Amino acid sequence: MKMRLDKYLSSCGIGTRTEVKKIIRSNRISVDGNIIPQCDYKVDDTMSVLLDGKPVKYSEFIYIMLNKPQGYLSATKDQRHKTILDLLDEKYAKMGLFPVGRLDKDTTGLVILTNDGDFAHNTLSPKKHVSKTYIAEISGTLPENATEIFNKGVTLKDFTCESADLIIEETFNDHTLVTVTIHEGKYHQIKRMFQVVGCKVIYLKRVTFGNIKLDSNLKEGEYRLLNDSEMEFVSSVK
Ligand code: URA
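Residues numbered from 1 in each chain as written. Predicted model: local features only at pLDDT ≥ 70, side-chain atom pairs only at ≥ 80, totals over all residues. Heavy atoms only, no water.

Chemist: Just to check I follow, could you spell out the overall build of the protein chain for this structure?
Modeler: Across its full length, the protein chain carries 6 helices and 15 strands. Taking the principal axes of its C-alpha atoms as reference, the protein chain extends roughly 70 × 35 × 30 Å. Considering the protein chain as a whole, with its 238 residues, one finds that 48% of them fall into the buried category. Taking all contacts inside the protein chain whose residues are at least 6 apart in sequence as the whole, residues at least 24 apart take part in 63%. Taken as a whole, the protein chain presents about 13100 Å² of accessible surface, with 48% of it coming from carbon and sulfur. Each charge class in the protein chain can be summarised by its mean position, and for the 34 positive and 32 negative side chains these summaries are 6 Å apart. (Helix = DSSP H or I, 4+ residues; strand = E, 2+ residues; numbered from the N terminus. Buried < 20%, exposed > 50% of the residue type's maximum accessible area, 1.4 Å probe, protein only. Contact = heavy atoms within 4.5 Å. Areas by Shrake-Rupley, 256 points an atom, 1.4 Å probe, with all protein chains shown as cover. Lys, Arg positive; Asp, Glu negative; His and termini not counted. Charge placed at Lys NZ, Arg CZ, Asp CG, Glu CD.)

Chemist: Looking at this structure, how should I read the sheet that holds strand E6 (residues 54–55)?
Modeler: Sheets are built from strands that pair by backbone hydrogen bonding, the pairs being arranged parallel or antiparallel. Reading across from one edge, E3-E2-E5-E6 is the order of the 4 strands in this open sheet, with antiparallel pairing throughout. With partners counted over all chains shown, the strands left at the sheet margins are strand E3 (34–35) and E6, one partner each. Judged from the 3 bridges that link them, strand E2 (residues 29–31) and strand E5 (residues 49–51) form a sheet pairing that is antiparallel. Bridge pairing in E5 places Ile29 opposite Leu51. (Pairing = 2+ DSSP bridges.)

Chemist: Hey, could you run me through the pairing of strand E9 (residues 108–114) in this one?
Modeler: Two faces, one strand: in a regular strand the side chains alternate between the faces of the sheet. Burial of E9 is extensive: 7 of the 7 residues sit out of reach of the surface. Examined bridge by bridge, strand E7 (residues 63–68) and E9 share 6 bridges and lie antiparallel to one another. Residue pairing in the sheet places Leu66 in a bridge with Val111 of E9. With 2 bridges joining them, strand E8 (residues 98–99) and E9 adopt antiparallel strand pairing. Pairing of Pro99 across the sheet is with Leu113, part of E9. Bridge analysis of E9 against strand E13 (residues 200–209) gives 2 bridges, and the strand direction is parallel.

Chemist: Explanation requested: the site of the ligand in the structure shown.
Modeler: In the neighbourhood of the ligand, the contacting residues comprise Leu103, Asp104, Thr107, Tyr134, His188, Gln189, Ile190, Lys191 and Leu204. Within the backbone of His188, a nitrogen or oxygen atom sits 3.3 Å from an oxygen atom of the ligand. A distance of 3.0 Å separates an oxygen atom of the ligand from a polar backbone atom of Lys191. A breakdown of the residues in the shell around the ligand according to their chemical character gives 4 nonpolar, 3 polar and 2 charged. (Near = heavy atom within 4 Å. Polar contact = N/O pair within 3.5 Å; in protein donor to acceptor, adjacent residues only side chain to side chain. Nonpolar A, V, L, I, M, F, W, Y, C, P; charged D, E, K, R; others polar.)

Chemist: What's the story with the side chain of Asp44 in this structure? I'm lost.
Modeler: Within the secondary structure, Asp44 sits in the loop between strand E4 (42–43) and E5. At 2.6 Å, the side chain of Asp44 forms a polar contact with the side chain of Thr46.

Chemist: So what exactly am I meant to see when it comes to the pattern of salt bridges here?
Modeler: Oppositely charged side chains are able to pair whenever their charged atoms sit close together. Within the structure shown, the criterion is met by 12 salt bridges. The salt bridge partner of Asp6 is Arg4, with a shortest N-O separation of 2.9 Å. A salt bridge links Glu230 to Arg224, with the shortest nitrogen-to-oxygen separation between them at 2.8 Å. Assessed through its relative accessible area of 9%, Glu230 is described here as buried. Ionic contacts of the salt-bridge type, sharing partners, join the residues Arg4, Asp6, Arg17 and Lys21 into one network. (Salt bridge = Lys/Arg side-chain N within 4 Å of Asp/Glu carboxyl O.)

Put into structure tokens, the structure is as follows:
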């Protein structure tokens, strides 16, 4: 379906509507080989749209990987607290982005933001068994058979978890560094699983979501669009 050039470019994340209008008027956009200075020029995804000579690939939806810092809510807005949407550039403000699932305020790491409701719905569906890996520092002494307990499926008050993988990385004093992979996303799930075995999570970071790994180049608070290979995961769950 054809749409205005300025709308096309802002949907691709090039800039706000005002910013892309400036870009178009400064003759930086070509369509099928011709410089187009009109914002209302009609384009579609079969046409070759270039910005400064580089292709602008159209996508109906936006998918972002964010490295969440502590202290931000995984929400779109809140009266009292900062949300992860506050970390995004203004050009993303009106795109209807929301986080796919939630991390606690004090949890850091990988959050996917999108405006693709079907992707979010499918990914969060328990039927899809999308795995998530966390690294955690816990205090307290883990029972010797903790790996087995997690493997069998920890029983919480209201729910029995699916089998989870627990790897004990390092123990110092009464603190342990672990890697845990779960296949659901219940409220405070990791913290509650460790509570069951008598331990407390004191630091938690999500490092994978399905096949997507947190980019180690992203500092806390930084984000980027998903790349082509990460988009294969998006397509696989849609
Ligand atoms: N499990 C938790 O306990 N907290 C999170 O933020 C994510 C998983």
